[in-house]
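# Fold and contact review
This is what each chain is made of:
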Amino acid sequence: MNEKQIPLSIIMADFNGLKMINDSYGHKIGDEVLKRAAKILKESCRKKGLIARWGGDEFVIILPKSTEIEANDICNFVIDKCRNNFVKDIPISMALGNSTMNQANKSLTTIMKEAEDDMYKQKIVESKSARSAVLNNMLKTLEAKSFETSKHTRRMQEVARKIGKKLGLPISELNRLSILITLHDIGKINMPESILTKKEKLTNEE
């Protein structure tokens, strides 16, 4: 590895739900979604790195002379851009992971594996949350009981993410924070509605 390229960061990106999109909407729409995802990655790097398609729904970004903080900033930019991008009402969603080589004695293979592992951790978190049918049913029940709309939850997530960024949280912790906000009232699911809507003072038992 050329020491002039150090620090060198790697970002691995995996598009979420491509198979489902291909099966439901057809491969033509799936290709459009991938093109939009690639455009977001390109805009996020701003000619700073090399972007390549790594697999069917995966991309790799190589960022010479880029620190871990810079890689995290790019990941955050990608996530923010995805929120406002749709193809045929299909949201653009990517799982991201990154790793940085600060010394030339660390191999490129090693940091690529670290970035890929970080990416898969995010995918696991997502599959256990928004993609879980059981959890989605719970969230519907929670929305009905807490009288809070999905817009309210999204606003809370945006505020939490801004606070998290100010604190310098890595992308993996920001994702966990979004899940925490979604589930912040989860205890209401098993709570009797008579207690939740009671206007009088609660009894000791309640």
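Here's what I pulled together on the structure shown here. The model shown is predicted, which means the values in this text are computed figures rather than measured ones. (Residues numbered from 1 in each chain as written. Predicted model: local features only at pLDDT ≥ 70, side-chain atom pairs only at ≥ 80, totals over all residues. Heavy atoms only, no water.)

## A look at the environment of Q122
Residue position: Q122 is located in helix α4 (residues 108-127). For Q122, a relative accessible area of 7% translates into the label buried. The residues touching Q122, leaving out its near neighbours within four places in the chain, are M94, A95, L96 and N175. (Helix = DSSP H or I, 4+ residues; strand = E, 2+ residues; numbered from the N terminus. Buried < 20%, exposed > 50% of the residue type's maximum accessible area, 1.4 Å probe, protein only. Contact = heavy atoms within 4.5 Å.)

## Things to note about the pattern of salt bridges
Summed over the entire model, instances satisfying the criterion amount to 10 salt bridges. With a closest N to O distance of 2.7 Å, D80 and R83 form a salt bridge. On the criterion of helical spacing, the pair formed by D80 and R83 is a turn pair, its members being three residues apart in helix α3 (residues 68-83). With relative accessibility at 37%, the residue R83 sits in the partly exposed group. Salt bridges linked by common partners bring D80, R83 and K165 together as one network. (Salt bridge = Lys/Arg side-chain N within 4 Å of Asp/Glu carboxyl O.)

## A word on the pairing of strand β2 (residues 50-53)
Along any regular strand, the residues point their side chains to alternate faces of the sheet. As paired strands, β2 and strand β3 (residues 58-63) are joined by four bridges and run antiparallel to one another. Along β3, the bridge assignment pairs I51 with I61. Taken together, β2 and the strand that follows it, β3, pair antiparallel across an intervening segment of four residues. (Pairing = 2+ DSSP bridges.)

## Focus: unusual backbone geometry
With an omega dihedral of -5 degrees, the bond running from I6 to P7 counts as a cis peptide bond. Note on placement: P7 falls in the segment before β1 (8-15). Its identity as a non-glycine residue notwithstanding, K65 has a phi of 50 degrees, on the positive side. Note on placement: K65 falls in the loop between β3 and α3. Judged by its relative accessible area of 56%, K65 is exposed.

## Regarding the pairing of β3
With five of its six residues buried, β3 lies for the most part within the structure. As defined by bridge partners, β1 adjoins β3 across six bridges and the pair is classed as antiparallel. Within β3, the position partnered with D14 by the bridge is E58.

## Let's talk about the packing of α3 against helix α7 (residues 171-182)
Contact geometry of α3 with α7 gives a least axis separation of 10 Å together with a crossing angle of 35 degrees. On α7, the residues touching N72, C75, N76 and I79 of α3 are I171, L174 and N175. Across the contact of α3 with α7, the residue classes tally to four nonpolar, three polar and no charged. (Axes fitted to C-alpha atoms, helices over the stretch in contact; angles between N-to-C directions. Nonpolar A, V, L, I, M, F, W, Y, C, P; charged D, E, K, R; others polar.)

## Comments concerning the side chain of E58
Here E58 shows up in strand β3. Notably, E58 is buried but unbridged: the nearest opposite-charge side chain belongs to K123, and the N-O separation is 7.4 Å. Here Y120 takes part through its side chain, which lies 2.7 Å from a polar atom of the side chain of E58. Apart from residues lying up to four places away in sequence, E58 is in contact with M12, A13, D14, A52, R53, E116, M119 and Y120. (Lys, Arg positive; Asp, Glu negative; His and termini not counted. Polar contact = N/O pair within 3.5 Å; in protein donor to acceptor, adjacent residues only side chain to side chain.)

## A short note on the side chain of S44
Structurally, the position occupied by S44 is in helix α2 (residues 27-45). Here the side chain of S44 touches I40 through a polar contact of 2.7 Å, landing on its backbone oxygen. Those residues in contact with S44 that lie beyond four places of it in its chain are I74, F77, V78 and K81.

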